[in-house]
Amino acid sequence: MLGKPDAGWSDFQLKDTSRYALSYLNDIAFQWVDQAIHGLETLLPFCVKGFMEPGRFLCIVSYWNCHILCEDEGRCPLNKDDIEIELSHTNMLQFCQYLYDDISQNIDEWVSFPPFFDASAMKRVKRQRKKALSKKLARLDRLISENKQQFGEKRIFL
């Protein structure tokens, strides 16, 4: 779902969707993991965002599907033709599992995703971010395990 961060960019793609290049302007690992945790804690749909430079990327993670919406980042009114919309039959639990796997596999790159301009603080900040992100990922992993039954075949959400 999320490609390994490289030079301030990461690709995002779900089944049956286009590939989207997302920039470091959003701290994807921390922001998205926080949203996923909240979604699984409350069992409510959630939204993650990214910046494509130009353009804003939104992925609404609902119970059984993910809805991707790309729009201009400006303030002017948009027409239907100004918005790109795609759909993936990826449920909330799958999305969270993909997120957990992709960030865990490349945690060092994700803690460095937003660039550091203060080289003297870089090591300390990376260490702190890795510890914090590891803690969040452990929480997400527990929630994924705890909620597997909620996304079983005969389950519905009202």
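Overview of the structure. Note that the structure is predicted; figures quoted are calculated from it, not measured.

**Digging into the sheet that holds strand β4 (residues 56–61)**
Then comes step 1: The four strands lie next to each other as β3-β4-β5-β6, forming an open sheet whose pairing is antiparallel. Among the strands making up the open sheet, the edge pair consists of β3 (46–51) and β6 (84–88). Averaged over all pairs of adjacent strands, the angle between their axes in this sheet comes to 15 degrees, without regard to strand direction.
Then comes step 2: Note that strand β5 (residues 66–71) and β6 share five bridges and pair antiparallel.

**A word on the environment of Ser145**
Then comes step 1: Looking at the secondary structure, you find Ser145 in helix α4 (residues 119–147).
Then comes step 2: Sequence separation of Ser145 and Leu93 is 52 residues, and the distance between their C-alpha atoms is 9.3 Å.

**Here's the deal with the pairing of β5**
The side chains of a regular strand alternate, residue by residue, between the two faces of the sheet.
Then comes step 1: In terms of residue burial, β5 counts as a mostly covered element, since five of its six residues are buried.
Then comes step 2: Bridging between β4 and β5 involves six bridges; their strand directions are antiparallel. Its bridge partner being in β5, Val61 is matched across the sheet by Cys66.
Then comes step 3: Where β4 hands over to β5, the hairpin turn is made up of four residues, counted between the paired strands.

**Regarding the pattern of salt bridges**
If the charged atoms of two oppositely charged side chains come close together, the side chains can form a pair.
Then comes step 1: The final tally for this structure, using the stated rule, is eight salt bridges.
Then comes step 2: In this structure, the salt-bridge partner of Asp34 is Lys136, at a minimum N-O distance of 2.7 Å. With Asp34 in helix α1 (residues 28–42) and Lys136 in helix α4, the pair connects residues that are 102 residues apart, well separated along the chain.
Then comes step 3: Here Asp34 falls in the partly exposed class, since its relative accessible area comes to 33%.

Reading the values: the criteria
Residues numbered from 1 in each chain as written. Predicted model: local features only at pLDDT ≥ 70, side-chain atom pairs only at ≥ 80, totals over all residues. Heavy atoms only, no water. Pairing = 2+ DSSP bridges. Helix = DSSP H or I, 4+ residues; strand = E, 2+ residues; numbered from the N terminus. Axes fitted to C-alpha atoms, helices over the stretch in contact; angles between N-to-C directions. Buried < 20%, exposed > 50% of the residue type's maximum accessible area, 1.4 Å probe, protein only. Salt bridge = Lys/Arg side-chain N within 4 Å of Asp/Glu carboxyl O.

Any functional reading would require information that these geometric values do not contain.
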